[in-house]
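These are the residues of each chain, in order.
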Amino acid sequence: MASYQPFRELSINEISSLSIENAKSILIEVNQLIYQHDIAYHQKDTPVISDAEYDRLVQLSLAIENAFPELASQNSPTLRVGSIPSDQFEKITHARPMLSLSNIFNKEEVPAFIQRINRFLNLPAETEITFIVEPKIDGLSICLRYENGKLSTAATRGDGTTGEDVTKNIRTISSIPNFLPKNAPNICEIRGEVYMKKIDFLSLNKAQEQVGGKKFANPRNAAAGSLRQKDSSITAQRPLHFFAYALGETSKLISETHSGILSRLTDFGFSVNSLITKCNSANSLITAYDKISATRSELEYDIDGVVYKIDRLDWQDRLGQVSRAPRWAVAHKFPAEQAETRILEIDIQIGRTGALTPVARLQPITVGGVVVSNATLHNEDEIRRKDIRIGDKVILQRAGDVIPQIVASMPEKRDGSETIFSFPVECPACGNPAMRSNGEAVRRCTGGFLCDAQSIERLIHFVSRDAFDIAGLGSKQIILFNKLGWLKYPSDIFLLPDKMDEIALLDRMGLKSAKNLINAIDARKKIGLERVIFALGIRQIGISTAKLLAETFETLPKLQQVCIAAQDKNHPAYQELIDIDQIGESIANDLIMFFSEKKNQQLISLLLENVTPVTPIKAQLDSPIAGKIVVFTGTLSQLSRAEAKAQAERMGAKVTGSVSQKTDYLISGANSGNKSQIASKLGVTILSEDEWITLLS
Ligand code: IVH
């Protein structure tokens, strides 16, 4: 049996030899990471890992669930398509779910895909299956609904069932028709990908840099960020395009084949990708893959693979889907692109939380059509593990996105002039000690707002969208005001109105902009407590945890008081903290560390002299299961699991995947497994499906 390993070093082949406890802890860790990365990617439009790394996490999670089915939970991220739609937009429930695609990564998997289809359809040997090969556009999928020939709604994929209403913003895209021709079905949903051309992405980032706005990691995130704007006049300024590739709900069949649909979509006035081809064997699919792959770097837009789809719609119907991906289609992903370059220097960047991140300055090199001159080295252990030295030749990889990774150094190419990088133990920006906590790979500056590098990053976070959201106070202004000595601590923001005349005199400002800025600041003097907590930039405290804390403690001094008392783990305050759902020891420790720090206490009291946080109103649901924690197990006969879960959540319950002491009800359907035994051991109330339905009614 393999001993405990961190999942980073785990290969998929080793999974079956893990102990169940070990597999469980790895699964929890991997699923948590997937969840965090889903949020970063789908809600914040800012991925922090490459697609290849993300795919590996999903594959690990799937492989563990396959090897240990008892660990698979209904909350598994592998069952989710995309991410939870953000609260910023109205929600739209898709008339038909928006599916995801399963992936293959090797040419050897192509014949297996065809065989699976053959077997499923039980076709006579030698039956020819026609496939359509399409480039997999790296944008974001959108469902356009036309009613009586008129564009009525447009929604993002969201979690596959419910998406975000982006109709207003979609109307600003000139290549999306507002009307369909007369012969189109009355109800006609068209699905496809909104994308931004590579060249437009580069100019957008340049422009964003000049105005101190948010820069995007890649064209896909730029497209997503541009479309998911509250203000559609911003979307209108962004060059977005659309490729149509599928239908959703329609009131009339418009063709019997996928290729037929694509040609009708062209007639309807949509752009359909010109590289799409028809194939009828594994070899011809692979040839088409190679052809598209060869043009990749010359294309105006990013693609991250090709999609093989069965042409006949009756076969598509018969094949159906398996866990949110159709059996009749598959994405064949491109491998990461690699190139060789040299490390010229290693610099240290200091992030908002004080993390010291080594960044390699590279001899500029083109990988996958994008010029790369920097790459993160993550942390000091990574530099040591990969034996990366200044002056080394290295292999650089760009995997379907623009966050480049250094895969390996090439010691065989050294000439002796290379130098080992010694990682600083003092913050290069402020000179305060940079410390590593136990078990952490990251070294952090202890200076907080006293550290200029952190102070700027923290202020940028402080005014960001989910925090104080102050229009006109972007990173450019923060850097400038900081340089002028006007802005170091968050409370200084609220003293800026006293400087209105000076601000108005600044380059590219003027009285009007200065007034707007001051008004925007004044408007935030009364603000939701959750935003204030989130704005403080405490490690691991995202906006949803901030909301939870705001609802629980209702005031900042109360939260602070509990955290200070909780320094003593035997004090009831500590229990109070970790009893909050979703707050474990690690988050509790970060909260305690932050609030017990004198510097932070001063910062908060200065802030509260200017800002009045407003306690969020808790939605009080009049339901017998409001606030209860429930677990479903076994097969339900009257409802699907997803529906039962959605219904319970609508009525204020929290649905979790495993039974614990905190569980209030276990709803046990047919063929339930060991969860019922665990529940009865823990004294958790077990209800049959009928009893559950009676309780709800
Ligand atoms: S078909 C049921 N075709 O890839 C199949 N998807 O990983 C639905 N995508 O959500 C999708 N290019 O955002 C299809 N030519 C293409 C595509 C494509 C890009 C995206 C789409 C989808 C995701 C799945």
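From a predicted model like this one, the values you see are computed outputs, not experimental measurements.

Student: Provide a residue-level description of the overall build of the chain, including the pertinent values.
Tutor: In terms of helices and strands, the chain carries 25 helices and 28 strands. C-alpha extents for the chain along the principal axes are approximately 75 × 65 × 60 Å. Looking at the chain as a whole, 49% of its 697 residues qualify as buried. Counting only contacts in the chain whose residues sit at least 6 apart along the sequence, the fraction spanning at least 24 positions is 67%. With the model as given, the accessible surface of the chain reaches about 33,300 Å², and the carbon-plus-sulfur share is 50%. Computed over 80 positive and 82 negative side-chain charges, the inter-centroid distance for the chain is 3 Å.

Student: Summarise the sheet that holds strand S27 (residues 665-668); cite the residues concerned and give the values.
Tutor: With parallel pairing, the four strands of this open sheet are ordered in space as S26-S25-S27-S28. Whereas interior strands pair on both sides, the edge strands pair on one side only; in this sheet they are strand S26 (654-656) and strand S28 (685-688). Direction aside, the axes of adjacent strands within the sheet are offset by 30° on average. Note: strand S25 (residues 629-633) against S26, three bridges, orientation parallel. Within S26, the position partnered with Ile629 by the bridge is Lys654. Most of the contacts of helix H25 (residues 689-696) go to S28, to which it runs at about 95°, and overall it touches S25, S27 and S28.

Student: Can you tell me about the site of the ligand, naming the residues and giving the values?
Tutor: With respect to spatial proximity, 14 residues lie near the ligand, and among them Glu134, Ile137, Arg157, Glu193 and Lys309 are the closest. Taking Pro135, its main chain carries an N or O atom lying 3.3 Å from a nitrogen atom of the ligand. When the free accessible area of the ligand is taken as 520 Å², the share hidden by the protein chains comes to 88%. Elements with a contribution of two residues or more to the shell around the ligand: strand S3 (131-137) and strand S10 (303-310). The leading source of residues in the shell around the ligand is S3, at four residues. Split by residue class, the shell around the ligand holds eight nonpolar, one polar and five charged.

Student: For the packing of aromatic side chains, give the residues involved together with the corresponding values.
Tutor: Following the criterion strictly, the structure yields 14 aromatic pairs and no others. Ring centres 4.8 Å apart and planes at 15° place the aromatic pair Tyr195 and Phe243 in the stacked group. Residue Tyr195 is found in strand S7 (residues 187-195), and its partner Phe243 is found in strand S8 (residues 241-250); the two are separated by 48 residues along the sequence. In this structure, Tyr195 and Phe243 share a single accessibility class: buried. For the ring pair Phe243 and Tyr301, a centre distance of 5.3 Å and an interplane angle of 75° mean the geometry is edge-to-face. Within this pair, whereas Phe243 is found in strand S8, its partner Tyr301 is found in the loop between helix H9 (282-295) and S10, the two being separated by 58 residues in sequence.

Student: I'd like a rundown of the nonpolar core, residues and numbers included.
Tutor: Ile493, Ile503, Leu577, Leu591 and Phe595 are the most contacted members of the largest nonpolar core, which totals 60 residues. Element by element, the count of residues in this core is highest for helix H21 (residues 585-596), at six residues. Not counting residues within four places of it along the chain, the set of residues in contact with Phe595 comprises Leu536, Ile538, Leu556, Leu559, Gln560, Cys563, Ile564, Gln601 and Ile604.

Student: Any chance you could break down the pairing of S27 for me, citing the residues and the numbers?
Tutor: As a general feature of sheets, a regular strand has side chains that alternate between the two faces. What you see with S27 is no split at all: Tyr665 and Ile667 on one side and Leu666 and Ser668 on the other are buried throughout. Here S25 pairs with S27 via four bridges, running parallel. When the bridges of S27 are listed, Phe632 appears paired with Ile667. Where S27 lies against S28, four bridges are found, and the strand directions are parallel. By the bridge assignment, Ser668 is partnered in S28 with Ser688. Each parallel crossover has a hand, and for S27 linked through helix H24 (residues 675-682) to S28 it is right-handed.

Student: Can you explain the packing of helix H19 (residues 556-565) against H21? Please cite residues and give values.
Tutor: Look at H19 against H21: their axes get within 8 Å of each other, and the N-to-C directions meet at 105°. Viewed along their axes, H19 and H21 adopt a mutual orientation that is roughly perpendicular. Across from Leu556, Leu559, Gln560, Cys563 and Ile564 in H19, the residues of H21 making contact are Leu591, Ile592, Phe595 and Ser596. Each residue belonging to the contact of H19 with H21 can be placed in one class, and the counts come to seven nonpolar, two polar and no charged.

Student: Give me the lowdown on the layout of surface pockets, citing residues and values where you can.
Tutor: Of the voids in this model, the second largest pocket is the one considered here, and its volume is about 660 Å³. Considering the residues around the second largest pocket, the lining is formed by 26 residues, among which Thr353, Arg444, Arg539, Asp590 and Met593 are closest to the centre. Contributions of two or more residues to the lining of the second largest pocket are made by strand S21 (434-436), strand S22 (443-445), helix H12 (452-462), H21 and helix H22 (598-608). At five residues, the largest contribution of residues to the lining of the second largest pocket is made by H21. A breakdown of the residues in the lining of the second largest pocket according to their chemical character gives six nonpolar, twelve polar and eight charged.

So, how was this worked out
- Residues numbered from 1 in each chain as written.
- Predicted model: local features only at pLDDT ≥ 70, side-chain atom pairs only at ≥ 80, totals over all residues.
- Heavy atoms only, no water.
- Helix = DSSP H or I, 4+ residues; strand = E, 2+ residues; numbered from the N terminus.
- Buried < 20%, exposed > 50% of the residue type's maximum accessible area, 1.4 Å probe, protein only.
- Contact = heavy atoms within 4.5 Å.
- Areas by Shrake-Rupley, 256 points an atom, 1.4 Å probe, with all protein chains shown as cover.
- Lys, Arg positive; Asp, Glu negative; His and termini not counted.
- Charge placed at Lys NZ, Arg CZ, Asp CG, Glu CD.
- Pairing = 2+ DSSP bridges.
- Axes fitted to C-alpha atoms, helices over the stretch in contact; angles between N-to-C directions.
- Near = heavy atom within 4 Å.
- Polar contact = N/O pair within 3.5 Å; in protein donor to acceptor, adjacent residues only side chain to side chain.
- Nonpolar A, V, L, I, M, F, W, Y, C, P; charged D, E, K, R; others polar.
- Phe/Tyr/Trp six-rings, centres within 6.5 Å; stacked < 30°, edge-to-face > 60°.
- Core = buried A, V, L, I, M, F, W, Y, C linked by side-chain atoms within 4.5 Å.
- Right-handed = clockwise from strand over helix to strand, strands pointing away.
- Parallel < 35°, antiparallel > 145°, perpendicular 65-115°, else oblique.
- 1 Å grid on protein atoms, 1.4 Å probe; cavity = no way out; pocket = protein on both sides within 12 Å on 5 of 7 lines; lining within 4 Å.
- Points joined across faces, edges and corners; volume = space filled by probe spheres on them.

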